[in-house]
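So the chains spell out like this:
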Amino acid sequence: QSVLTQPPSASGTPGQRVTISCSGSSSNIGSNYVYWYQQLPGMAPKLLIYRNNQRPSGVPDRFSGSKSDTSASLAISGLRSEDEADYYCAAWDDSLSAAVFGGGTKVTAL
Amino acid sequence: EVQLVESGGGLVQPGGSLRLSCAASGFNFNGYSMNWVRQAPGKGLEWLSYIDYNSRTIYYADSVKGRFTISRDNARKSLYLQMNSLRVDDTAVYYCAKWGEVGPTGAYFDYWGQGTLVTVSS
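Here is a short report on the structure shown in this document. Just so we're clear, the structure is a prediction, and the values are computed from it rather than from any experiment.

1. A short note on the nonpolar core
Moving on, step 1. Counting residues in each nonpolar core, the largest one holds 26 residues, and the members touching the most others are Trp-36, Phe-68, Leu-79, Leu-81, Met-83 and Tyr-94 of chain B.
Moving on, step 2. Elements with a minimum of two residues in this core: strand E3 (18-25), strand E4 (34-39), strand E5 (45-51), strand E7 (68-73), strand E8 (78-83), strand E9 (92-99) and strand E11 (116-120) of chain B.
Moving on, step 3. Per-element tally for this core: the top contributor is E3 of chain B, with four residues.
Moving on, step 4. Beyond its immediate chain neighbours, meaning those up to four positions away, Met-83 of chain B contacts Gly-16, Ser-17, Leu-18, Leu-20, Arg-67, Phe-68, Tyr-94 and Val-118 of chain B.
Moving on, step 5. One finds Ile-20, Ile-49, Val-59 and Ala-85 of chain A within the second-largest nonpolar core, a separate group that totals 23 residues.

2. Topic: the state of the cysteines
Moving on, step 1. This model, assessed by the stated rule, comprises two disulfides over all chains.
Moving on, step 2. Sulfur-sulfur distance for the disulfide between Cys-22 of chain A and Cys-89 of chain A comes to 2.0 Å. Here the S-S torsion is close to 75°, and the disulfide linking Cys-22 of chain A with Cys-89 of chain A is therefore right-handed. Separated by 67 residues along the polypeptide, Cys-22 of chain A in strand E2 (residues 18-23) and Cys-89 of chain A in strand E7 (residues 85-93) bring together distant segments of the chain. The same class applies to Cys-22 of chain A and to Cys-89 of chain A, which are both buried.
Moving on, step 3. With a sulfur-sulfur separation of 2.0 Å, Cys-22 of chain B is cross-linked through a disulfide to Cys-96 of chain B.

3. Thoughts on the packing of aromatic side chains
Residues and elements named next belong to chain B.
Moving on, step 1. Taken as a whole, this structure holds 16 aromatic pairs over all chains when the rule is applied.
Moving on, step 2. The ring of Tyr-80 carries Arg-19 above its face, with NZ or CZ at 3.9 Å from the centroid.
Moving on, step 3. If you follow Lys-98 out to its NZ or CZ, it ends over the ring of Phe-27, 5.6 Å from the centre.

4. Here's the deal with the environment of Val-18 of chain A
Residue and element names in this part refer to chain A.
Moving on, step 1. Here Val-18 lies in strand E2.
Moving on, step 2. Under the relative-accessibility criterion, Val-18 is labelled buried at 4%.
Moving on, step 3. Sequence separation between Val-18 and Val-107 is 89 residues; the distance between their C-alpha atoms is 8.5 Å.
Moving on, step 4. Ignoring any residue separated from it by four or fewer positions in sequence, one finds Val-18 in contact with Ala-10, Ser-11, Gly-12, Leu-74, Ala-75, Ile-76 and Leu-79.

5. Considerations on the interface of chain A and chain B
By a widespread convention, an interface's size corresponds to the accessible area lost as its parts come together.
Moving on, step 1. Contacts between chain A and chain B engage 19 residues on the former and 22 residues on the latter.
Moving on, step 2. The junction of chain A with chain B conceals about 1,700 Å² of combined surface from both sides, 64% of it contributed by carbon and sulfur atoms.
Moving on, step 3. Linking chain A with chain B are one salt bridge, by the criterion used here.
Moving on, step 4. When the shortest N-O distance is used, the salt bridge between Glu-101 of chain B and Arg-51 of chain A registers 2.9 Å.
Moving on, step 5. Viewed at the interface, chain B and chain A are joined by seven residue pairs in polar contact (both at pLDDT 80 or more).
Moving on, step 6. With four residues, E7 of chain A is the largest single contributor of residues to the side of chain A that touches chain B.

About the criteria used
- Residues numbered from 1 in each chain as written.
- Chains lettered and ligands numbered in written order.
- Predicted model: local features only at pLDDT ≥ 70, side-chain atom pairs only at ≥ 80, totals over all residues.
- Heavy atoms only, no water.
- Core = buried A, V, L, I, M, F, W, Y, C linked by side-chain atoms within 4.5 Å.
- Buried < 20%, exposed > 50% of the residue type's maximum accessible area, 1.4 Å probe, protein only.
- Helix = DSSP H or I, 4+ residues; strand = E, 2+ residues; numbered from the N terminus.
- Contact = heavy atoms within 4.5 Å.
- Disulfide = S-S within 2.5 Å.
- Phe/Tyr/Trp six-rings, centres within 6.5 Å; stacked < 30°, edge-to-face > 60°.
- Lys NZ or Arg CZ within 6 Å of the ring centre and 35° of its normal.
- Buried area = accessible area lost by both parts, 1.4 Å probe.
- Salt bridge = Lys/Arg side-chain N within 4 Å of Asp/Glu carboxyl O.
- Polar contact = N/O pair within 3.5 Å; in protein donor to acceptor, adjacent residues only side chain to side chain.

Next comes the structure, spelled out in structure tokens:
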């Protein structure tokens, strides 16, 4: 059971907008930054979004992050086949004194 | 270019020990905190441990506290994870990850290694 809750799967046709939710609590998302990671099949995770909505250099601007209260979301605008991957949200949890991840969402381009 | 290369994984019996290493290059290793994160087969990511740049602040996940020990050698630009009392459910790919935040709290892993597989089985 993950501390942060994500839907196990999401899908869309190429070009569509896909949104992934991440639900937490006041001790993690509610009081700390949210981060998003993309893991392509057979690869190591890659940082996609940091500090709620910031993109590292090289990450396309069709990836965007947002946060509200104890929830966060990742949006992929204009879904591409190469975006098929597992996506994880993460945050620091003050109660656990630990970094926590969501269970991951598998994104499929139909 | 930042590079993190893990080594030391392999097959170990339950109750055994293993020491993982992570060789860093391409950045000022002794200026950054580091972490270990693992992923069991077919499962999600699990953060394990954090160590700051001078080894003064260390955190562990409850699942490994008392069994695993994180350490670093800044002269060798290397990060380590000593794993004792290994259990079958410790079977996973173990990643080292560079910390991107200024302080010790967050989940900002800006660079990852390729991982090393640890299999705990009799």
